[in-house]
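Take a look at the letters that make up each chain.
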Amino acid sequence: MSEEGKIRNLNFIEEIVEADLEAGKNDGRLLTRFPPEPNGYLHIGHAKSICLNFGLAIKYGGGTNLRFDDTNPVTEDTEYVDSIKNDVKWLGFEWENELYASDYFDQLFEFAKVLIRKGFAYVDDSSSEEMATLKGVPSMPGTDSPYRSRSIEENMALFEGMANGDFEEGTRVLRAKADMSSSNMLMRDPIIYRIKFAHHHRTGDKWCIYPMYDFAHGQSDSIEGITHSICTLEFVSHRELYDWFIEKLEIFPSKQYEFARLNLSYTITSKRKLLQLVNEKYVSGWDDPRMPTISAFRRRGYTPKAIRDFCDRIGVAKRDNLIDVSLLDFFVREDLNKLATRVMAVSDPVKVVITNFEEGLTETCELENNPEDPESGVREVPFTREIYIEKEDFMENPPKKYFRLAPGQMVRLKGAYIIQCDEVIKNESGELIELRCSLVKNSKSGQDESGLKVKGTIHWVSIPHAIKAEARIYDRLFKVEDPGSEEGDFKDYINENSLEIKELYVEPYLANATTDAKYQFIRNGYYVLDPDSRDGKLIFNKTVGLKDSFKIETAK
RNA sequence: UGGCCUGUGGUGUAAUGGUAACACAGAAGUUUUUGGUACUUUUAUUCAGGGUUCGAGUCCUUGCGGGCCAACCA
């Protein structure tokens, strides 16, 4: 947008940032962070957060750290770290620093001891059940743990013991001594360290105690000097604790702000549930093109720009939302329309014989690679006596506004001739097996002197030149709009017809298809070569269909 | 029903006391060698009541609806 006329269209976080910058807070510094836990692949919901955090830094001249929130070794893995880095880069963002909460384990351990020394933390020997009971319910104050009044010396000794591996898992925890009567359950002496004899993907077996989220996240933010720590709405009630630790520790005051997470219709964005789909083989993996993960979108042919534009458009606010997937489709089509090479592929073929075209002859037609891109040039497509067209491009008894082929009716073969259907050949059981057509002699594209105007243009491939390929066509993974909030198991709502495999006849140009090229199969949709393709076997993923405003008056 | 967050077309987001707008989706049309693209037109909106004000989507108040919080997950 060139006109700075009305600048006021900011989301609420941008307003906060601008106000802070204007007030000279943090010496005019802006530092955000994207803090994934490496326990799964990034999905479209993360994309929103990535675009927000990195986008803010780009817009206001700050930076963004990529920080892995790896405080729970039992669920985390380097496989996820690698995929996350790859996905963030692919989306087009560069981080300031690659960091890990586990980098701060020593510092966090010291912070915990500071709290103990100040009388703000204690070791509790209660079981988790006992602690839950004492915490009580939000409507009534909780009860102090019997261990709450241990001496600083005893707490220190016990905590060191925990770190030394003197105690069994689950026998003791370190808790903050906050406010057992708070209406915010998180303030009722939250656990800050627990014992876990687990191997950590980065620190190995150095530790057998690990900090909880609330005692790692805010402190990491503070250590890094994060100015705006942006997270989703579920963390609103954590903010009080976030501020409490920073205050008690007297460290750099990062501030937390919360926005509403993205919900997409007909999809699920819960790492736990996505992991289930992977583990229980409902999909082929995290990058199965039906998944809402970044890696799946990439494999399916979505572009980073489409995803970024989508995230820009959906905005940032605080109310719960359920975004229509068709909005994502729109941005995918919008970008692909500019990029995709137009090619011809027939998926449900019917043979057409051009009776007045010489047998054995191959003629060359020139077709535009992309009418939206003048630079894209043309390519040669072979034309012969026998071609395939799409079965649905012929109707024996067409309704009024059917512009395709029908007995006695003419169509343009894209980039080639106008043909007329002379004869319909069927087998004994009455099935259509062949159409015999004649071409209009001087009607070839580019040198058309026929003077004829036909309403319809259809795609085709020369049978002797056609390459057989596989098309993988995807439908939404779930049958209901909001599978996450439906009764019962979300897996009951899985669409069992979300993958359809079709045979395809494609023009010879596609023999050299590559996985990063985008194609439009004319009049059908956008496709991309799948990495499963092998020499001699082309596999195409359907990214998204073309908009189709044609509807047969099925009433007939 | 303890606390916190939140209610604007079908969906999402804007309007920062002064004409409720933008995008998608829907409908209709023009152009077109993709029934694509582009372009044009069009349908449809402030949760409810009360109050403040010349004027309220916006401020106050009372309801009502939705969401979150009682993991040794993040």
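Bear in mind that the values here come from a model prediction, so they are computed numbers and not experimental data.

What counts, and where the lines are drawn
- Residues numbered from 1 in each chain as written.
- Chains lettered and ligands numbered in written order.
- Predicted model: local features only at pLDDT ≥ 70, side-chain atom pairs only at ≥ 80, totals over all residues.
- Heavy atoms only, no water.
- Helix = DSSP H or I, 4+ residues; strand = E, 2+ residues; numbered from the N terminus.
- Buried < 20%, exposed > 50% of the residue type's maximum accessible area, 1.4 Å probe, protein only.
- Contact = heavy atoms within 4.5 Å.
- Areas by Shrake-Rupley, 256 points an atom, 1.4 Å probe, with all protein chains shown as cover.
- Lys, Arg positive; Asp, Glu negative; His and termini not counted.
- Charge placed at Lys NZ, Arg CZ, Asp CG, Glu CD.
- Pairing = 2+ DSSP bridges.
- Axes fitted to C-alpha atoms, helices over the stretch in contact; angles between N-to-C directions.
- Polar contact = N/O pair within 3.5 Å; in protein donor to acceptor, adjacent residues only side chain to side chain.
- Domains from an automatic or database assignment.

J.: Just checking my understanding: could you explain the overall build of chain A for this structure?
T.: The helix and strand tally for chain A stands at 12 helices and 25 strands. Principal-axis analysis of the C-alpha atoms places the extent of chain A at approximately 100 × 55 × 45 Å. Looking at chain A as a whole, 53% of its 556 residues are labelled buried. Here the contacts in chain A between residues at least 6 apart in sequence split such that 70% fall between residues at least 24 apart. Entry remark: accessible area of chain A is about 26400 Å², with carbon and sulfur atoms responsible for 46%. Within chain A, one finds 73 positive and 95 negative side-chain charges whose respective centroids are separated by 3 Å.

J.: Before we go on, may I ask you to explain the sheet that holds strand β7 (residues 209-211) in this structure?
T.: Here 4 strands make up an open sheet; going across it, the order is β4-β5-β6-β7 and the pairing antiparallel. The sheet is open, and its two borders are formed by β4 (121-124) and β7, each paired with just one other strand. Recorded for the sheet is a direction-independent mean angle of 20° between the axes of neighbouring strands. With 4 bridges connecting them, β4 and strand β5 (residues 173-176) associate as antiparallel partners. Looking at β5, one finds that A121 is bridged to A176. Along the sheet, helix α4 (residues 105-117) makes contact with β4, β5, β6 (191-195) and β7, crossing β6 at roughly 120°. Contacts from helix α6 (residues 152-164) reach β4, β5, β6 and β7 within the one sheet, and its direction differs from that of β4 by about 60°.

J.: Please clarify how the side chain of R172 should be interpreted in this entry.
T.: The residue R172 is located in the loop between α6 and β5 in this model. Within the structure, the side chain of R172 is placed 2.9 Å from the side chain of D125, a separation counted as a polar contact. Residue contacts for R172: discarding those within four places in its chain leaves V123, D124, D125, R150, L158, M162, F167 and I195.

J.: Can you help me understand the sheet that holds strand β3 (residues 98-100) in this one?
T.: Two orientations exist for strands paired in a sheet by backbone hydrogen bonds: parallel and antiparallel. The strand order across the open sheet built from 3 strands is β1-β2-β3, with neighbouring strands paired in parallel fashion. The open sheet is flanked by β1 (31-34) and β3, the only strands paired with a single partner. The average angle at which neighbouring strand axes cross in this sheet is 35°, direction not considered. Of the strand pairs in this sheet, β1 and strand β2 (residues 63-68) are connected by 4 bridges, and their pairing is parallel. Paired with R33 across the strands is N65, a residue of β2. Running over the sheet, helix α2 (residues 44-60) touches β1 and β2 and is turned about 160° from β1.

J.: What is the right way to look at the domain arrangement of chain A in this model?
T.: How big an interface is tends to be stated in terms of accessible area lost as the parts join. By the assigned domains, chain A splits into domain 1 (17-259), domain 2 (271-341 + 469-555) and domain 3 (345-459). Here the C-alpha centroids of domain 1 and domain 3 sit 65 Å apart.

J.: Is there a simple way to think about the pairing of strand β23 (residues 518-521) in this case?
T.: Within a regular strand, side chains alternate between the sheet's two faces. Residues K518 and Q520 of β23 are buried on one face, and the alternating residues Y519 and F521, pointing to the opposite face, are buried as well. For strand β10 (residues 341-343) and β23, the ladder comprises 3 bridges, and the chain directions are parallel. The residue bridging T341 from the neighbouring strand is Y519, located in β23. When β23 meets strand β24 (residues 525-529), the two strands line up antiparallel, connected through 4 bridges. Directly across from K518, in β24, lies its bridge partner V528.

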